[in-house]
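# Observations on chain architecture
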Amino acid sequence: GGMTGGTYLVWLRSSGGRGPFVWSVTSGELPAGLELLPSGLLRGNPSTPGKYSFGLRVDDSQGDAAGENFNLEFNDPLKIETSFITDVLVGTQVDELFVASGGEKPYLWSIDQGSLPAGIILDGEGSLSGISENPIFSEFTVRLTDSEGNFTDRQISLEVVEPIRLQSLALP
């Protein structure tokens, strides 16, 4: 298995028998975008995520054959969909949820570099919450890790700003 959108190349091998060998699909279907050449090369660019089961067979030049069932899983590449966080007012509750796609759930979120403003935390489920009492501009790198150990990073900035206050002056 692997990720959709990339090149997939696997040479199938057999033992015993007498060549040349010819490979074929006997049951199920190969993942969309893949093909099996008679030489035993499984190649292509898988395009649809999912779990696939199929049977393959190899025939030798003497009429002997062997078959096996195979299972492959393809996932879309892991991606952090959240690209920015709106400015937050000092003393105001932050309640943002990072959004992701691809990979294999469950996901784990963390801060890889930089730091969050004091009073604001990111939990493992991607929830950014808390209250910052001071104005600050913060840049940090969010890391998303899937259950297979694949990860991706995205740099995010968060600015905590003072609210606008109107001040009226009395004219003489």
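In this text the structure is predicted, and so the values were computed from the model without any measurement.

The subject of this paragraph is the environment of Gly19. Tracing the backbone through its elements, the reader meets Gly19 in the loop between strand 2 (8-11) and strand 3 (22-28). Judged by its relative accessible area of 37%, Gly19 falls in the partly exposed class. Placed 41 residues apart in sequence, Gly19 and Asp60 show a C-alpha to C-alpha distance of 5.5 Å.

Let us look at the sheet that holds strand 13 (residues 120-122). Pairing within the open sheet is antiparallel, and its three strands lie in the order 10-14-13. Looking at strand neighbours, the two that pair on one side only are strand 10 (93-97) and strand 13, the edges of this open sheet. Each neighbouring strand pair of the sheet contributes to a mean axis angle of 10 degrees, computed without reference to strand direction. Judged from the three bridges that link them, strand 13 and strand 14 (residues 127-131) form a sheet pairing that is antiparallel. Residue Ile121 lies in a different strand from strand 14, and its bridge partner there is Ser129.

A few words on unusual backbone geometry. With an omega of 5 degrees, the peptide bond between Gly19 and Pro20 qualifies as cis. Topologically, Pro20 is positioned in the loop between strand 2 and strand 3. The omega torsion across Lys105 and Pro106 is 5 degrees, close enough to zero to call that bond cis. Here Pro106 is to be found in the loop between strand 11 (100-101) and strand 12 (108-114).

Cut-offs used in this document
Residues numbered from 1 in each chain as written. Predicted model: local features only at pLDDT ≥ 70, side-chain atom pairs only at ≥ 80, totals over all residues. Heavy atoms only, no water. Helix = DSSP H or I, 4+ residues; strand = E, 2+ residues; numbered from the N terminus. Buried < 20%, exposed > 50% of the residue type's maximum accessible area, 1.4 Å probe, protein only. Pairing = 2+ DSSP bridges. Axes fitted to C-alpha atoms, helices over the stretch in contact; angles between N-to-C directions.

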